[in-house]
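Take a look at the letters that make up each chain.
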There are 2 protein chains.
Amino acid sequence: MQDTPRPNPPYPADDPRFNKWRWQWRRRIAIAQHRYPPHLVLAGARILNVFTDELVEADLAIDAGMIVGIGVFPEATERLELSGRIIAPSFIDAHFHLESSLLWPPELARIVVPHGTGAIVTDPHEMANVAGLDGIEAMRASTLGLPLDVRFTVPSCVPASEHESPGARLSAQEIATMLDWPEAVALGEMMDYPGVLDADQEIAAKIWAARSKRVDGHAPGVRGDALQAYAGSGISSDHESVTLEEGREKLRAGMMLMLREGSSEKNLRDLLPLVTDATYPRTCFCSDDRDCHDLLTNGHVDEILRTAIGGGLDPVRAIRMATWNPARHYGMPEVGAVAPGYRANLVVLRDLASVDVEMTLFDGRVVAREGEMTTDLPKTVIPDALRWSVKLAPIRRSDLALRREDATRAIEVIPGQIVTRGIDVTPPGAGETVSPAIGEDLLKIACVERHHATGRVGVALVRGFGLTSGAIASSIAHDAHNIVAAGTNDEDLLSAIATVAGSQGGLVVVEGGRVLAHLELPIAGLMSDGPASDVA
Amino acid sequence: MQDTPRPNPPYPADDPRFNKWRWQWRRRIAIAQHRYPPHLVLAGARILNVFTDELVEADLAIDAGMIVGIGVFPEATERLELSGRIIAPSFIDAHFHLESSLLWPPELARIVVPHGTGAIVTDPHEMANVAGLDGIEAMRASTLGLPLDVRFTVPSCVPASEHESPGARLSAQEIATMLDWPEAVALGEMMDYPGVLDADQEIAAKIWAARSKRVDGHAPGVRGDALQAYAGSGISSDHESVTLEEGREKLRAGMMLMLREGSSEKNLRDLLPLVTDATYPRTCFCSDDRDCHDLLTNGHVDEILRTAIGGGLDPVRAIRMATWNPARHYGMPEVGAVAPGYRANLVVLRDLASVDVEMTLFDGRVVAREGEMTTDLPKTVIPDALRWSVKLAPIRRSDLALRREDATRAIEVIPGQIVTRGIDVTPPGAGETVSPAIGEDLLKIACVERHHATGRVGVALVRGFGLTSGAIASSIAHDAHNIVAAGTNDEDLLSAIATVAGSQGGLVVVEGGRVLAHLELPIAGLMSDGPASDVA
């Protein structure tokens, strides 16, 4: 009985988003109760449940891109018989600089989706260093309509330090703007941990801007009091642990421990003993950097899973760590589980332990099968500004001159590591300027500012490249991505730099004035606009 | 080197919230690194880590209400030696109708905080039925400044059905308004599951309004296709499971399984086998309803924990389920763990297995010790509208007349259960109207509309009360909370109703015109304004 007036209108009927949602909501509820047939039924597979670690054989009903029900669904518009297979949520790479693949996002999707990747959390740190927010906006635009859920973390440290000469900076305001994007899940890895430990006020503003989202960490070797300060500043994850002790301390401090397995940095096997019944909800996987060749040849998160399972991790738990855990960490509410109300972003596995991906579904459609995409990818227009990112002042041979008094220190490249060190050397030769000494493995290295045509060139000696002739150059050079060239003689150095500039970015090998190899990277000087197979 | 202009201003310096946060943030970072002494150090206890299930002996540094660091902190403004003790996050009741305690929130806090309760997620369903949003606003106001973190779920089903005559309704707009409160964590238990299964459009509007928060469930016995539809509608928890099979199905469907242990409904022991290494992250505890006597005598979440541990659950895991799990489920980011950057809402335990609470800290202050509050509680003014909630039309004896033809069906109360059933009876006596037959345990029951003075009275026969003389009456009567009275004769019934009305709500026992017992509940007719000891 109504003894108070009925409020009016009782629902936001004029909101088109609500109306669309409500229509699908009503369909889902009706279909789950067999009042209509769903769009698609995946029949007879065992369904991996990330809440109970079970494999339960059942039909899976999908409608309008969402999972509607798990049970017995004899009727459907379309039906796929999948007995003997396993259905799991598609995989999530929790931290990935997609620029490291050298591929533009649609091409990246084309090679990772068949491996079962359903989502990546990408930190466009390299793009930000070259082209700032505009560059990231172009990247975001290129992900529209992809059969891959691309979420962004907002680069927190651009430039990486005040000693860098990047193409662009990302201010606290721009960071706040980007954090408002629905695709933005976190402030990106806070690599300026000295700044955090000094309670830098600009970092404070960035963390404050991310207060309703996450703040990702990057704190190699940070432990003890410093780690307490770092974690207490609001940073809630880390992917830089390399030892058990360091990883354990970060877990204890409340950080989500991302087990990294990239193309060069491989920490998964070392850290795997940290994954226990107590800690597994606080762990997930990431690749950080994974190159195109590795992605094509070995795989992506599927390959990380194989490594984890090979290291003794239970396959169901491993998949939970690759799906539900990062989805919950980053607040992706409809992702990471096979249950009613979740998006039908799924993998169909032929075999669990070998993570043998037969099909990938995205929003309820089969988008890849047997290693190949089965759907067209949207074409994207790459903005001219990104295609013309190399702005070089004319470089003359005299710019590469290295005075004897500047050559008593050299850079040494340490094999297999990302870091370098300074060493004392006796400058070779006798003149006022110094030339490379190939016998001593002392080459010339040049860093050419390429964003603002300032004409600034830094020159030094370098040991450890092992070149005996010619020169190499690259427009990928962390973190500012100026052109870096190393070589045995100035002519080949100039030629290599000119070749990179001529292709608006790339990797090049030159010998005696001849270009022996040249990978063009015309998108911001970081990424190819060609197919993955060519790049690999 | 700066080759692009520095953005300006780089941080939101004119935002006072930011400035306050930043000041505390800088202090925390400095204190963790021993640059200043913290406000308080809890020294030498073993600290329960909900991320690793460890007990680690260390000092805990607290400043400005927050945990700053765990390590060695020799200096502090204040220092509490706690060797031999255990420090854990204070406990969270994940679903609690605080009206069931019969206590106004500050008085409730006074009795539960010494038991280690740090937060309650309360669903003011009863208050909403009596006084609507205004009543809930008064309740919210009474929680300001309490040493207890009171979060609200927004009652989703007021009235509980269209057959009810409540004091107020909660429209979809009011629900949306309340969901915007920072203290609101979810749309409250969606008990209208038939409405959900019919895809009711007003329910759609309510769930839509909660899309950035949680939607709590209430689905006793709902399983199979219906459960798939219910879970798929966006409802992500349930506390109504009573059997293992039902609980397992809800876990599989992705629902947070709340193990209920209230004063009357006790499901914890039955459901405990569902808590495994795989499922524990998806479980937590709630009391639902817990009366004042029970809270005073046995305890609150601490008592639930003792029951769980007595049932074989590991104590550290049990505490994790009572802290971190509900905090994460409801999105309470700084609550539920002892780690840097979390609020210092803590319990100090003398013994882990018996959950022997020595002290409770809230926002870094000791607020209870040895079972007593050590801090004053804020006084709240109870609005007049809540004190005058009983609006009765004059009731005469003729209003209680029950015609013979209306008395062939009676209500039977089933011992120990919340439900009743209808039974066929032979109306006693021979006149046109029917009187109670004490020998047959057939009493008269009356429901008197008390919100809008409509004068409407419903009368029927009831079996199962077992009264042999006098009458009882109550202004608590789920869900609409009209006055319900049962008795052996009309005079005592009228007297009992009048007594409840005279105290603006309460529970009363009357015999031969004399009031034998009378608990006044003048706040909305639901809660006492007196101390818990009197109410108990």
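Residues numbered from 1 in each chain as written. Chains lettered and ligands numbered in written order. Predicted model: local features only at pLDDT ≥ 70, side-chain atom pairs only at ≥ 80, totals over all residues. Heavy atoms only, no water.

Comment: phi is negative for the bulk of residues other than glycine, and the bulk of peptide bonds are trans. Of note, the bond from A:His478 into A:Asp479 is cis; its omega dihedral lies within 30 degrees of zero at -5°. Here A:Asp479 is to be found in the loop between strand S24 (471-474) and strand S25 (483-487). Residue B:Pro159 is bonded to the preceding B:Val158 through a cis peptide linkage, with omega at 5°. Along the chain, B:Pro159 turns up in the loop between strand S10 (149-154) and helix H4 (172-179). If you check the backbone angles, A:Ala524 has positive phi at about 60° while not being a glycine. Mapped onto the elements of the fold, A:Ala524 is located in the loop between strand S27 (514-520) and helix H16 (532-535). You can call A:Ala524 buried: its relative accessible area is 0%. For B:His481, which is not a glycine, the phi torsion comes out positive at approximately 60°. (Helix = DSSP H or I, 4+ residues; strand = E, 2+ residues; numbered from the N terminus. Buried < 20%, exposed > 50% of the residue type's maximum accessible area, 1.4 Å probe, protein only.)

This part is about the sheet that holds strand S26 (residues 506-511) of chain B. All names here are of chain B. Read from one edge to the other, the open sheet built from eight strands follows the order S21-S20-S23-S22-S25-S24-S26-S27, with strand pairing classed as mixed. The sheet is open, and its two borders are formed by strand S21 (420-424) and strand S27 (514-520), each paired with just one other strand. Pairwise comparison of adjacent strand axes, ignoring direction, gives a mean angle of 25° for this sheet. By the bridge criterion, four bridges tie strand S24 (residues 471-474) to S26 in an arrangement that is antiparallel. Residue pairing for S26: Ala-473 is matched across the bridge by Val-508. (Pairing = 2+ DSSP bridges. Axes fitted to C-alpha atoms, helices over the stretch in contact; angles between N-to-C directions.)

Quick look at the packing of helix H1 (residues 16-32) of chain A against helix H6 (residues 201-209) of chain B now. A pair of packed helices can be characterised by two numbers: the angle between their axes and the separation between those axes. One way to put it is that H1(A) packs onto H6(B) with a least axis distance of 10 Å and a crossing angle of 120°. On the basis of their axis angle, the class for H1(A) and H6(B) is oblique. Seen along the crossing, H1(A) lies across H6(B) with a hand that is right-handed. Of H6(B), the residues touching H1(A) (which contributes A:Arg17, A:Phe18, A:Trp21, A:Arg22, A:Trp25 and A:Arg26) are B:Gln201, B:Ile203, B:Ala204, B:Ala205, B:Ile207 and B:Trp208. (Parallel < 35°, antiparallel > 145°, perpendicular 65-115°, else oblique. Left-handed = near helix turned anticlockwise from the far one by under 90°. Contact = heavy atoms within 4.5 Å.)

Now for the nonpolar core. Counting 107 residues, the largest nonpolar core has A:Leu42, A:Phe285, A:Leu346, B:Leu42, B:Phe285 and B:Leu346 as its most contacted members. Setting aside anything within four residues of it in sequence, one finds B:Phe285 in contact with B:Ile92, B:Asp93, B:Ala94, B:Leu259, B:Leu268, B:Ile304, B:Leu305, B:Ala308, B:Leu313, B:Ala318, B:Met321 and B:Ala322. Judged by nonpolar contacts, the second largest core, of 82 residues, contains A:Ala172, A:Trp181, A:Leu227 and B:Ile31. (Core = buried A, V, L, I, M, F, W, Y, C linked by side-chain atoms within 4.5 Å.)

Taken as a whole and judged by the stated rule, the model has 17 aromatic pairs over all chains. When the ring of A:Trp208 is compared with that of B:Trp21, the centres are 5.5 Å apart and the planes differ by 50°; the resulting orientation is tilted. Of this pair, A:Trp208 sits in helix H6 (residues 201-209) while B:Trp21 sits in helix H1 (residues 16-32), each in a different chain. For the pair A:Trp208 and B:Trp21, a shared accessibility class is recorded, and that class is buried. When the centroid spacing of 6.3 Å and the interplanar angle of 55° are considered together, the rings of B:Phe51 and B:Tyr342 count as tilted. (Phe/Tyr/Trp six-rings, centres within 6.5 Å; stacked < 30°, edge-to-face > 60°.)

Residues and elements named next belong to chain A. Here we have five strands laid out as an open sheet, ordered S8-S9-S10-S11-S12, and parallel in their pairing. Since the sheet does not close on itself, it has two edges, and those belong to strand S8 (91-96) and strand S12 (214-217), each with one partner. Ignoring which end each strand starts from, the neighbouring axes of this sheet average 25° apart. Two strands pair when backbone bridges link them, and strand S11 (residues 184-190) and S12 are joined in this way by three bridges, in the parallel orientation. Across the sheet, residue Ala-186 finds its bridge partner in S12, namely Arg-214. Most of the contacts of helix H11 (residues 301-310) go to S8, to which it runs at about 95°, and overall it touches S8 and strand S9 (117-122).

Once that is clear, we can look at the interface of chain B and chain A. Counting residues at the interface gives 83 residues for chain B and 83 residues for chain A. Counting each side, the surface lost to burial between chain B and chain A is near 7100 Å², with a carbon and sulfur contribution of 52%. Inspection of the region where chain B meets chain A yields 27 residue pairs in polar contact (both at pLDDT 80 or more). Its residues placed into classes, the side of chain B that touches chain A shows 35 nonpolar, 21 polar and 27 charged. (Buried area = accessible area lost by both parts, 1.4 Å probe. Polar contact = N/O pair within 3.5 Å; in protein donor to acceptor, adjacent residues only side chain to side chain. Nonpolar A, V, L, I, M, F, W, Y, C, P; charged D, E, K, R; others polar.)

Moving on, we come to the pairing of S26(B). Residue and element names in this part refer to chain B. The alternating pattern of S26 places Gly-506, Val-508 and Val-510 on a buried face, while none of Leu-507, Val-509 and Glu-511, on the opposite face, is buried. Direction of pairing for S26 relative to S27: antiparallel, over a ladder of six bridges. Within the sheet, the bridge partner assigned to Leu-507 lies in S27 and is Leu-519. Between the antiparallel neighbours S26 and S27 lie two residues, among them Gly-512 with a positive phi of about 55°.

This next bit is on the relation of the copies chain B and chain A. In screw terms, the move from chain B to chain A is a rotation of 180° and a rise of 0.0 Å along the axis, fitting with an RMSD of 0.1 Å. When the rotation and shift are considered jointly, the pair of chain copies conforms to a two-fold rotation axis. In terms of proximity to the rotation axis, the leading residue of chain B is B:Asp277, whose C-alpha is 3.0 Å off the axis. Comparing interface residues between copies, 100% of those in chain B also lie at the interface in chain A; the contact surface is shared. (Least-squares fit on C-alpha atoms with pLDDT ≥ 70 in both.)

A word on the side chain of A:Asn482. Inspection of the secondary structure assignment puts A:Asn482 in the loop between S24 and S25. Of the polar contacts made by the side chain of A:Asn482, one reaches the backbone oxygen of A:Ser165; its length is 3.0 Å.

On to the pattern of salt bridges. Between side chains of opposite charge, a pair can form when the charged atoms approach closely. Evaluated as defined, the whole model comprises 64 salt bridges over all chains. Salt-bridge contacts for A:Asp356 lead to A:Arg350; the nearest nitrogen and oxygen are separated by 3.2 Å. Since its relative accessible area comes to 28%, A:Asp356 is described here as partly exposed. Close ionic contact of B:Arg260 with B:Asp288 constitutes a salt bridge, the shortest N to O distance being 2.7 Å. On the criterion of sequence distance, the pair formed by B:Arg260 in strand S14 (residues 256-260) and B:Asp288 in the loop between strand S15 (283-286) and helix H10 (292-297) is long-range, its members being 28 residues apart. (Salt bridge = Lys/Arg side-chain N within 4 Å of Asp/Glu carboxyl O.)

Joining two cysteines, a disulfide is a covalent bond between their sulfur atoms. Residues and elements named next belong to chain B. Per the stated rule, a full pass over the model turns up zero disulfides over all chains. Looking at the unpaired Cys-157, the closest cysteine sulfur is the one in Cys-286, lying at 17 Å. Cysteine Cys-284 is unpaired, with the sulfur of Cys-286 as its nearest cysteine sulfur at 6.8 Å. (Disulfide = S-S within 2.5 Å.)

On to helix H7 (residues 224-232) of chain B. Along H7(B), the residues that are buried comprise B:Leu227, B:Gln228, B:Ala229, B:Tyr230, B:Ala231 and B:Gly232. Along its buried surface, H7(B) packs onto H1 and strand S5 (66-71) of chain A together with strand S11 (184-190), helix H5 (193-197), strand S12 (214-217) and helix H8 (244-252) of chain B.

On to the confidence of the model for chain A, then. Residue and element names in this part refer to chain A. Here chain A averages 94 in pLDDT, and 97% of its residues register 70 or above. Contacts of residues 1-10 to residues separated by more than four positions or lying in other chains number 22 contacts, the stretch itself having pLDDT below 50. Across the interfaces of the predicted complex, the ipTM metric reaches 0.93, alongside a pTM of 0.94. (pLDDT = per-residue confidence, 0-100.)

Turning our attention to the packing of H1(A) against H7(B). Close contact between H1(A) and H7(B) brings their axes to 8 Å; oriented N to C, the two are set at 165°. Between H1(A) and H7(B), the crossing angle belongs to the class labelled roughly antiparallel. Crossing of H1(A) over H7(B) shows right-handed handedness. Residues A:Arg28, A:Ile29 and A:Ala32 of H1(A) form the contact with H7(B), whose own contacting residues are B:Asp225, B:Gln228, B:Ala229 and B:Gly232.

Before going further, it helps to examine helix H7 (residues 224-232) of chain A. All names here are of chain A. For H7, the buried fraction is high: seven of the nine residues fall into the buried class. Among the residues of H7, those classed as buried are Ala-226, Leu-227, Gln-228, Ala-229, Tyr-230, Ala-231 and Gly-232. Two residues or fewer after H7 comes Gly-234, characterised by a positive phi angle close to 110°.

Moving on to the environment of A:Leu170. Residues and elements named next belong to chain A. Looking at where Leu-170 falls in the secondary structure, it is placed in the loop between strand S10 (149-154) and helix H4 (172-179). Residue Leu-170 is classed as buried on the basis of its relative accessible area, which comes to 3%. For the pair Leu-170 and Pro-159, spaced eleven residues apart in the sequence, the C-alpha separation amounts to 7.5 Å. Ignoring any residue separated from it by four or fewer positions in sequence, one finds Leu-170 in contact with Ala-128, Gly-132, Leu-133, Ile-136, Pro-155, Val-158, Ile-175 and Lys-206.

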